[in-house]
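Each chain, written out:
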Number of protein chains: 2
Amino acid sequence: MKIEIENIKQKSSDKKSKKQKCVSELRQDLVTGDWVVIAVGRAKRPEDFSQNKKQKEESNEIESCLFEHPEKTGQEEDVLIYQSSGGDWTLRVFPNKYPAFCCDHEARYFSEGPYFFMDGTGYHEVIVTRDHYHQLALMREIEVAEVLDAYQERYLALMNKPHVNFIGIFHNHGKEAGASIAHPHSQLMAIPVISPYIQLELSGAERFYRQNKRCVYCLMIKHELESQKRVIFENEEFVAFCPFASRVNFEVWIAPKKHASYFERIKTEEKLKLAQVFRQALGAIHDSLGDPAYNFYIHTSPCDGNDYPHYHWHIEILPKTSTWAGFELETGIEISTIQPEMAAEYLRKQK
Amino acid sequence: MKIEIENIKQKSSDKKSKKQKCVSELRQDLVTGDWVVIAVGRAKRPEDFSQNKKQKEESNEIESCLFEHPEKTGQEEDVLIYQSSGGDWTLRVFPNKYPAFCCDHEARYFSEGPYFFMDGTGYHEVIVTRDHYHQLALMREIEVAEVLDAYQERYLALMNKPHVNFIGIFHNHGKEAGASIAHPHSQLMAIPVISPYIQLELSGAERFYRQNKRCVYCLMIKHELESQKRVIFENEEFVAFCPFASRVNFEVWIAPKKHASYFERIKTEEKLKLAQVFRQALGAIHDSLGDPAYNFYIHTSPCDGNDYPHYHWHIEILPKTSTWAGFELETGIEISTIQPEMAAEYLRKQK
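Residues numbered from 1 in each chain as written. Chains lettered and ligands numbered in written order. Predicted model: local features only at pLDDT ≥ 70, side-chain atom pairs only at ≥ 80, totals over all residues. Heavy atoms only, no water.

Draft legend 1. Looking closely at the interface of chain A and chain B. Chain A puts 99 residues into the contact, and the matching count from chain B is 99 residues. In total, chain A and chain B occlude about 8000 Å² of area from one another, counting both sides; carbon and sulfur atoms represent 65% of this. Among the residues of chain A in contact with chain B, Val31, Phe244 and Glu330 of chain A are the three that bury the most area, contributing 11% of the side total. On the surface where chain A and chain B come into contact, there are six salt bridges. Here chain A and chain B share 32 residue pairs in polar contact (both at pLDDT 80 or more) between them. Examining the composition of the side of chain A that touches chain B, we find that eight residues originate from one element, helix α4 (residues 196–212) of chain A, more than from any other. The residue makeup of the side of chain A that touches chain B, split by class, is 52 nonpolar, 26 polar and 21 charged. Bridging between strand β2 (residues 35–38) of chain A and strand β15 (residues 334–336) of chain B involves three bridges; their strand directions are parallel. (Contact = heavy atoms within 4.5 Å. Buried area = accessible area lost by both parts, 1.4 Å probe. Salt bridge = Lys/Arg side-chain N within 4 Å of Asp/Glu carboxyl O. Polar contact = N/O pair within 3.5 Å; in protein donor to acceptor, adjacent residues only side chain to side chain. Helix = DSSP H or I, 4+ residues; strand = E, 2+ residues; numbered from the N terminus. Nonpolar A, V, L, I, M, F, W, Y, C, P; charged D, E, K, R; others polar. Pairing = 2+ DSSP bridges.)

Quick look at the structure:
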């Protein structure tokens, strides 16, 4: 991590300017060292959290879709970051109107008693495809490849910005998966800290390499390809499989067969191969589970200036078939109710 | 951890007997070392996960409540584990009819290629209070104390069982928090592995003690009591506060003011003091947020035979005001939209 915490005493004047400038605070857990985001920029009044207040439901209808009305969401030309070429656009990228991270100020570090916190410096972008009803699972491979193009382009554009040490790219589909807008869109957050989940995988991969002189993901993929028990689809470059220790029902990972630590270095021809497997996996989930809500994201190496030669980037797709309850929240141990082998067999049938 | 993984090759005969005996498998993530539960005992057919199938909604009505009809859930006298004294019972404990962990067999360890898994050996109990409509937040202190009594009694009864290394006690309130049955009930899972979240806190507390020769939680509590910014309620023994790095909106922790590593060693007079603060906190959440869904759980030291003198047990209450989406699932970094200071101020008003 590039960050060095400067123990600056927070003055009342700081407090004021902070309120004007920052959309969020990154607060560090004193015990675990993990970070949480307090998105004060989109803070509501305490009363607004009450269940007694009728929640305003976002409509899924095209007539009221925010992404169909650029004037409402800051998609006007002047803030547009990226757009597919040609007059008739198919994909565009713009800043999230309610960002969890924002870049228009210098990052400052604060302390309060034993605690540390810092400005939520970074970037929060939205990647929108044109058709309101045309979700990723129903797209053609070439359209999925265009989305992957945008992920890579924006990653490359942001990875060397000051204070950006990790970039998360993710997609929420369906209300149960946290998608507040039905129009298909992905999000990108470029943030100053390395997340605990990535850190666990980085440490695990590093430890395994030290002990066994091989990549733990390569070993896993080799075993999956040999056993075929949990493989759903594969082509020359990529494999989609239900991981042995699936965290949720019908979880699917897509990984490059050849060792690769950095998503952003994917080649054009590989991207097309990825689009093929990715579309098949999303299509199988859509068809066999009746268009369930899901989240997917890319787990790739941090961009903090260090090398991560033992990490192996991959995509994780998590269909939303259950709710985290007390046991999962307490322990971090997840309970699923279908064996990954059976899930894979079922998804394979939809090929 | 007491467990030693024996690399036993799984035979086909094993497979058969396993299917008959085990309700779940604990599978270890090859990269991170974390565990997941595949609860095959309550497995559904793949088709049953489809969104196209009409989900059978559990009714919240008293007429069809499973806990009002012992014959349906195995609450009959012969399986009853614990019951409040007197003919007119107010609380009872019985085995979960669909357990995620079960004890009626010897634990076995298996491997498949590079992966490890083991039987989901353990105990899964349900702690039910009598009145269908009388949730914890509305109980009198003495009734809350009776629930805490049951937690402690069952903890003490199970902590020294073979293969039990950690005991999770948790409570789900409301459908959004994963409560499938509306009748107030808590659950207890006694399991053979130490969970990753607890492990993070144990390691953090241990590291902090080595560096600073003091308990990190004691330091935190001292600061909270001095600043009073995030304190909601306190009495001589306990304090309820919104943690500085809250993971969710209106998160509340309740901790003993004096250093204590083990919940199960709580004294009767302390339990009454805990009941007072606990009821006030739950009542404030109920009143100010309009009876929201929530989860709470006890974070206490493992019971694996080791000492954890630097850990400090506490209760965490997580109101359910938002859904984990792609960013949280990808990174483990949680986003909340109200400052803990403001949340505490709001909850304090309900005193």
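Draft legend 2. Here's a closer look at the sheet that holds β15 of chain B. Taken in spatial order, the five strands make up an open sheet running β5(A)-β6(A)-β1(A)-β2(A)-β15(B), and their pairing is mixed. Pairing within the sheet leaves two strands with one partner each, and these edge strands are β5 (109–112) of chain A together with β15 of chain B. On average, adjacent strands in this sheet sit at an angle of 30 degrees to one another, irrespective of strand direction. (Axes fitted to C-alpha atoms, helices over the stretch in contact; angles between N-to-C directions.)

Draft legend 3. Inspection of the nonpolar core at higher detail. Counting residues in each nonpolar core, the largest one holds 100 residues, and the members touching the most others are Tyr217 of chain A together with Tyr217 of chain B. Here Tyr217 of chain B is in contact with Val31 of chain A together with Glu201, Ala205, Trp253, Tyr311, His312 and His314 of chain B, once residues within four sequence places are set aside. (Core = buried A, V, L, I, M, F, W, Y, C linked by side-chain atoms within 4.5 Å. Buried < 20%, exposed > 50% of the residue type's maximum accessible area, 1.4 Å probe, protein only.)

Draft legend 4. Just the side chain of Ser186 of chain A, in detail. Residue and element names in this part refer to chain A. With respect to the helices and strands, Ser186 occurs in strand β9 (residues 185–191). The buried category is assigned to Ser186, whose relative accessible area is 2%. A distance of 2.6 Å separates polar atoms of two side chains, one belonging to Ser186 and the other to Tyr151. Not counting chain neighbours up to four residues away, the residues in contact with Ser186 comprise Glu125, Val126, Ile127, Tyr151, Phe170 and His171.

Draft legend 5. Layout of the relation of the copies chain A and chain B. For these two chains of identical sequence, chain A goes onto chain B by a turn of 180 degrees and a shift of 0.0 Å along the axis, with RMSD 0.0 Å. Such a combination of turn and shift is consistent with a two-fold rotation axis. Of all interface residues in chain A, 100% are interface residues in chain B too; the two copies therefore contact each other through one and the same surface. (Least-squares fit on C-alpha atoms with pLDDT ≥ 70 in both.)

Draft legend 6. Focus on the sheet that holds strand β5 (residues 109–112) of chain B. Ordered in space as β15(A)-β2(B)-β1(B)-β6(B)-β5(B), the five strands form an open sheet in which the pairing is mixed. Both outer strands of the open sheet, β15 (334–336) of chain A together with β5 of chain B, are each paired with one neighbouring strand and no more. For this sheet, the mean angle separating the axes of adjacent strands, direction not counted, is 30 degrees. Note: strand β1 (residues 25–28) of chain B against strand β6 (residues 115–119) of chain B, three bridges, orientation antiparallel. Of the residues in β6 of chain B, the one forming a bridge with Glu25 of chain B is Asp119 of chain B.

Draft legend 7. Summary view of helix α6 (residues 268–288) of chain B. Between the first and last C-alpha of α6 of chain B there are 30 Å, a value that for 21 residues agrees with the 30 Å anticipated at 1.5 Å per step. All buried positions along α6 of chain B are accounted for by Lys271, Leu274, Ala275, Val277, Phe278, Ala281, Leu282, Gly283, Ala284, Ile285, His286 and Ser288 of chain B. (Expected span 1.5 Å × (residues − 1).)

Draft legend 8. Spotlight on the packing of helix α3 (residues 141–158) of chain B against α6 of chain B. Residue and element names in this part refer to chain B. Running from N to C, α3 and α6 point in directions that differ by 120 degrees, and their axes come no closer than 8 Å. The chirality of how α3 crosses α6 is right-handed. Contacts from Glu141, Ile142, Val144, Ala145, Leu148, Asp149 and Gln152 in α3 reach Lys271, Leu272, Leu274, Ala275, Gln276, Phe278 and Arg279 in α6. Of the residues assigned to the contact of α3 with α6, the class counts are eight nonpolar, two polar and four charged. (Left-handed = near helix turned anticlockwise from the far one by under 90°.)

Draft legend 9. Just the environment of Ile254 of chain A, in detail. Residues and elements named next belong to chain A. Note that Ile254 resides in strand β12 (residues 252–256). Measuring from C-alpha to C-alpha, the distance between Ile254 and Leu91 comes to 23 Å, with 163 residues separating the pair along the chain. Excluding its chain neighbours within four sequence positions, the residues that come into contact with Ile254 are Phe238, Val239, Ala240, Leu274, Val277, Phe278, Ala281, His314, Ile315 and Ile317.

Draft legend 10. Structural detail: the environment of Tyr294 of chain B. Residue and element names in this part refer to chain B. The residue Tyr294 is located in strand β13 (residues 294–299) in this model. Counting along the chain gives 25 residues from Tyr294 to Pro319, while the straight-line C-alpha distance between them is 4.0 Å. Apart from the residues within four sequence positions on either side, Tyr294 is in contact with Gln135, Leu136, Ala137, His171, Asn172, His173, Ala177, Leu282, Ile317, Leu318, Pro319 and Lys320.

Draft legend 11. Fine view of the pairing of strand β8 (residues 166–173) of chain A. All names here are of chain A. In terms of residue burial, β8 counts as a mostly covered element, since eight of its eight residues are buried. Residues Phe166, Gly168, Phe170 and Asn172 point to one face of β8 and Ile167, Ile169, His171 and His173 to the other, with burial holding for every one of them. Taken together, the six bridges between β8 and β9 define a ladder with antiparallel strand orientation. The residue of β9 that forms the bridge with His171 is Ser186. Pairing geometry for β8 and strand β13 (residues 294–299), over five bridges, is antiparallel. Bridge pairing in β13 links His171 to Phe296.

Draft legend 12. Main features of helix α6 (residues 268–289) of chain A. With 22 residues, α6 of chain A should reach 32 Å at 1.5 Å per residue; the first-to-last C-alpha distance of 31 Å fits that figure. Once α6 of chain A finishes, Gly290 of chain A follows within two positions and takes phi at roughly 70 degrees, a positive value.

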